[in-house]
Amino acid sequence: VQSFSRDYYLMLFVMFTQFLGMVPSSSFISLYIKNELHSSASGVLWALSAICEIPFMFFSSFFLRKYKSEMLILIGTACVTVRMAFYAFIPNIAGAFLGQAMHSITFGLFYPSCVMFCARSASSHRALVTSMSFLTAAGGIATVIGSALGGWIIDTAGYKALFCIAGLVPLAGIGVYAAAQK
């Protein structure tokens, strides 16, 4: 824990906010498609997200050689806001299609960048295990918190509010990171 820099923990915080912002598209998207869009296209849209993710994961090494993992993490985090905006402001199957297609960047490129960042931040095998454990914990904690809050937001204010709030969370993470870099 002590072997990691302040910048490591800042980037881990950004990753946490990205995971938290992604909860609506992972935990509630099927309910949104069925209950709000009155569509049975959930399976097709889940398949679309996987299809879009695979090429970005496959070619992530190309992007990671060209750009720093931190930059790709920030891009993947910012794209969550765009993804949530598609769901919130295009409340039809086309918006859901665009949102699910964003999985290419918000997971397909983001996650390999996180793994590379954690690997590069570790000074030893033990530190690598710790670093990856922190990444896993950040994703898990974000999912638990996001699922509980997300359900409450849907019940209180609806899906549009959920997507708008979730879209702001990653921006807050980027804002904290940018402020700390000054």
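One can find the structure itself at the top, above this paragraph.
Let me sum up the structure you'll find in this document. Position labels on residues start from 1 in each chain and follow its written sequence. In keeping with the predicted nature of the model, local features appear solely for residues at pLDDT of at least 70, side-chain atom pairs appear and are counted solely at 80 or more, and the whole-chain, interface and lining totals rest on all residues. Water and hydrogen atoms were dropped before computing side-chain values, which therefore reflect all heavy atoms in the structure.

A word on the overall build of the protein
Right, on to step 1. Helix and strand content of the protein: nine helices and zero strands.
Right, on to step 2. A run of DSSP states H or I qualifies as a helix once it reaches four residues; a run of E qualifies as a strand once it reaches two. Both are numbered from the N-terminal end. Element order for the protein, N to C, with α for helix and β for strand: α-α-α-α-α-α-α-α-α.
Right, on to step 3. Taking 2.2 N^0.38 as the reference for a compact globule, 182 residues should give roughly 16 Å; the C-alpha atoms of the protein span a radius of gyration of 16 Å, in line with that estimate.
Right, on to step 4. For the C-alpha atoms alone, the extent of the protein along its principal axes is close to 50 × 35 × 30 Å.
Right, on to step 5. The contact criterion used is simple: two residues touch if any of their non-hydrogen atoms lie within 4.5 Å. Across the protein, the fraction of contacts at a sequence separation of at least 24, relative to all contacts at a separation of at least 6, is 80%. Here the globule rule reads 2.2 Å times residues to the power 0.38, and the radius of gyration is calculated from C-alpha atoms.

Things to note about the environment of Met15
Right, on to step 1. For Met15, the position within the fold is in helix α1 (residues 6-27).
Right, on to step 2. Setting aside residues no more than four positions away along its own chain, Met15 makes contact with Ile73, Phe110, Cys114, Phe117 and Leu135.

Concerning the packing of α1 against helix α8 (residues 125-157)
Right, on to step 1. Where α1 contacts α8, the two axes come as close as 8 Å, and the packing angle between them is 40 degrees. As far as their axial angle goes, α8 and α1 are oblique. In this structure, the crossing between α1 and α8 has a hand that is right-handed. Together, Tyr8, Tyr9, Leu12, Met15, Phe16, Phe19, Leu20, Val23 and Ser27 of α1 and Ser131, Phe134, Leu135, Ala138, Gly139, Ile141, Ala142, Thr143, Ile145, Gly146 and Ser147 of α8 make up the contact between the two elements.
Right, on to step 2. Taken together, the residues that form the contact of α1 with α8 break down as 14 nonpolar, six polar and no charged. Helix axes use the C-alpha atoms of the stretch in contact, all axes being lines fitted to C-alpha atoms, and the angles between their N-to-C directions lie in the range 0 to 180 degrees. When describing relative orientation, an angle under 35 degrees is termed roughly parallel and one over 145 degrees roughly antiparallel, while 65 to 115 degrees is termed roughly perpendicular and anything else oblique. In this scheme, a crossing is called left-handed if the near helix is turned counterclockwise away from the far one by less than a right angle; it is called right-handed if the turn is clockwise. Following the grouping adopted for this structure description, the nonpolar residues are Ala, Val, Leu, Ile, Met, Phe, Trp, Tyr, Cys and Pro, the charged ones are Asp, Glu, Lys and Arg, and the polar ones are all others, Gly among them.

Section: the layout of surface pockets
A water-sized probe, rolled over the atoms, reveals where empty space remains.
Right, on to step 1. Definitions used for this entry: grid spacing 1 Å over protein atoms alone; cavity, a set of points where a 1.4 Å probe fits but cannot get out; pocket, an open set with protein on both sides within 12 Å along at least 5 of 7 lines; lining residue, one with an atom within 4 Å of a point. Grid points are joined across faces, edges and corners, and a volume is the space filled by probe spheres set on the points. Approximately 200 Å³ is the volume found for the largest pocket.
Right, on to step 2. Lining the largest pocket are 13 residues, with Phe19, Met22, Ser26, Phe107 and Thr143 positioned closest to its centre.
Right, on to step 3. Elements that contribute at least two residues to the lining of the largest pocket include exactly α1, α7 (103-121) and α8.
Right, on to step 4. For the lining of the largest pocket, the element with the highest residue contribution is α1, accounting for six residues.
Right, on to step 5. Per-class residue counts for the lining of the largest pocket are five nonpolar, seven polar and one charged.

Describing α7
Right, on to step 1. In this model, α7 (19 residues) spans 25 Å end to end at C-alpha, consistent with the 27 Å of a helix rising 1.5 Å per residue.
Right, on to step 2. Phe110 marks the point of greatest bend in α7, at about 35 degrees, and the proline Pro112 comes within the next four residues.
Right, on to step 3. Residues of α7 that are buried in the fold lie against α1, α3 (42-58), α4 (60-66), α5 (69-89), α6 (93-101) and α8. Each helix should span, by expectation, one fewer than its residue count multiplied by 1.5 Å. A residue's bend is given by the angle between axes fitted to the 7 residues ending at it and the 7 residues starting at it.

Considering the side chain of Ser104
Right, on to step 1. Here Ser104 is to be found in helix α7.
Right, on to step 2. Burial classes follow relative accessibility: with a 1.4 Å probe on protein chains only, a residue under 20% of its type's maximum area counts as buried, one over 50% as exposed, and anything between as partly exposed. Taking relative accessible area as the criterion, Ser104 reaches 7% and is therefore assigned buried.
Right, on to step 3. Polar contacts, as used here, are pairs of N or O atoms within 3.5 Å; protein pairs need one atom able to donate a hydrogen and one able to accept it. Residues neighboring in sequence count only if both atoms are side-chain atoms. Only 2.9 Å separates the side chain of Ser104 from the backbone oxygen of Ala101, close enough to count as a polar contact.
Right, on to step 4. Discounting residues that sit within four places of it in the chain, Ser104 has contacts with Cys52, Glu53, Phe56 and Leu109.

Some words on unusual backbone geometry
Right, on to step 1. Residue His38 is not a glycine yet carries a positive backbone phi of 55 degrees.
Right, on to step 2. On the secondary structure map, His38 appears in the loop between α2 (29-36) and α3.
Right, on to step 3. By relative accessible area, His38 is classed as exposed at 67%.

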